[in-house]
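# Reading the structure
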Amino acid sequence: MDQELLMKQIVEQVMAAMKTGASAPSAPAACCGDKLTAANFPLAESMADKIKTPTGKDFTSLSYEKMINGELTADDMRIAPETLEMQAQVAESVHREAFAGNLRRAAELIAVPDERLLEIYNALRPYRSTKQELLDIANELDGKYGAKTAATLVREAAEVYEKRGRLKKF
């Protein structure tokens, strides 16, 4: 199959999936104060005009043609932390607190370059890091990227690894 055709099909499937999944609310999007609810789901239907990419482009302006013509980059197709927060609020409204927490942690980690995330992931595997290396990672996440929740998790991992003997041995 032609690579361009395959890419077009993938982009079309992703865009279609973002626009389906639940029926759009018939009334204006419901909010509880400033919080979103399940009535706002799917966001791509009920709030498409409020969704922006990390580069500031409107969600509604994304298309396969613009990507192929070079008007969009990979960064334009990424999710923004604000969109993840919106999704977290919807999850909380249906009592999916754990999922909401995962979305918020993901939002924090958007600022971390992909290559560094992979390095951190590997460092968190048992026997790969010393306690100090893990604490240094936590400090980096907190200080450099403002990822306080992720930093807390890495600090907790350092403590647990120490108690269970899972730290790197010299």
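Before reading further, recall that the structure is shown in the block above.
Before going into details, it helps to say that this report is about the structure given with it. The structure displayed is predicted, hence computed values, not measured ones.

We now examine the overall build of the chain. If you tally the helices and strands in the chain, you get eight helices and two strands. Taken from the N to the C terminus, the helices and strands of the chain come in the order α-β-β-α-α-α-α-α-α-α. Taking all 170 residues of the chain together, 30% fall into the buried category. Contacts spanning at least 24 positions in sequence make up 49% of the contacts within the chain whose residues lie at least 6 apart. Carbon together with sulfur atoms contributes 55% to the accessible area of the chain, which is approximately 10700 Å² in total.

Further remarks concern unusual backbone geometry. Cis geometry marks the peptide bond from Phe41 to Pro42; its omega dihedral reads -5°. Here Pro42 is to be found in the loop between strand 2 (35-36) and helix 2 (43-46). Its identity is not glycine, yet His95 carries a phi of approximately 60°, on the positive side. On the secondary structure map, His95 appears in the loop between helix 4 (81-93) and helix 5 (97-109). Given the relative accessible area of 63%, His95 is considered exposed. The residue Tyr127 is not glycine, and still its phi comes out positive at about 70°. Relative to the helices and strands, Tyr127 is located in the loop between helix 6 (114-123) and helix 7 (131-145).

Next up on the list: the side chain of Glu108. For Glu108, the location among the structural elements is in helix 5. Nearest to the buried, unbridged Glu108 among oppositely charged side chains is Arg105, at 7.1 Å. Within the local environment of Glu108, its side chain forms a polar contact with the backbone nitrogen of Ala150, the two atoms lying 3.0 Å apart. In this view, Glu108 contacts Gly146, Ala147, Lys148, Thr149 and Ala150; residues no more than four positions away in its chain are not counted.

Here the focus is helix 7. Here helix 7 spans 20 Å end to end across 15 residues, near enough to the 21 Å set by a 1.5 Å rise per residue. By the burial criterion, the buried members of helix 7 are Leu134, Ile137, Ala138, Glu140, Leu141 and Tyr145. All buried residues of helix 7 lie within an arc of 155° about the axis, which places them on one face of the element. Away from its buried face, by an angle of more than 90 degrees, helix 7 presents the exposed residues Gly143 and Lys144. Buried positions along helix 7 lie against helix 5, helix 6 and helix 8 (148-164). Positive backbone phi, at 70°, marks Gly146, one or two positions downstream of helix 7.

Counting through the fold element by element, Glu140 comes out in helix 7. Classification of Glu140 by relative accessible area gives buried; the value is 18%. With near-sequence residues (within four places) excluded, Glu140 lies in contact with Arg116 and Tyr145.

So, on to the packing of helix 5 against helix 8. Between helix 5 and helix 8, the least distance of the axes is 8 Å, while the angle of their chain directions is 105°. As the angle between them shows, helix 5 and helix 8 are arranged roughly perpendicular. Residue-level inspection shows Arg105, Glu108 and Leu109 of helix 5 in contact with helix 8, the latter providing Lys148, Thr149, Ala150 and Leu153. Among the residues making up the contact of helix 5 with helix 8, the classes are represented as three nonpolar, one polar and three charged.

What counts, and where the lines are drawn
- Residues numbered from 1 in each chain as written.
- Predicted model: local features only at pLDDT ≥ 70, side-chain atom pairs only at ≥ 80, totals over all residues.
- Heavy atoms only, no water.
- Helix = DSSP H or I, 4+ residues; strand = E, 2+ residues; numbered from the N terminus.
- Buried < 20%, exposed > 50% of the residue type's maximum accessible area, 1.4 Å probe, protein only.
- Contact = heavy atoms within 4.5 Å.
- Areas by Shrake-Rupley, 256 points an atom, 1.4 Å probe, with all protein chains shown as cover.
- Lys, Arg positive; Asp, Glu negative; His and termini not counted.
- Salt bridge = Lys/Arg side-chain N within 4 Å of Asp/Glu carboxyl O.
- Polar contact = N/O pair within 3.5 Å; in protein donor to acceptor, adjacent residues only side chain to side chain.
- Expected span 1.5 Å × (residues − 1).
- Arc of directions from axis to C-beta.
- Axes fitted to C-alpha atoms, helices over the stretch in contact; angles between N-to-C directions.
- Parallel < 35°, antiparallel > 145°, perpendicular 65-115°, else oblique.
- Nonpolar A, V, L, I, M, F, W, Y, C, P; charged D, E, K, R; others polar.

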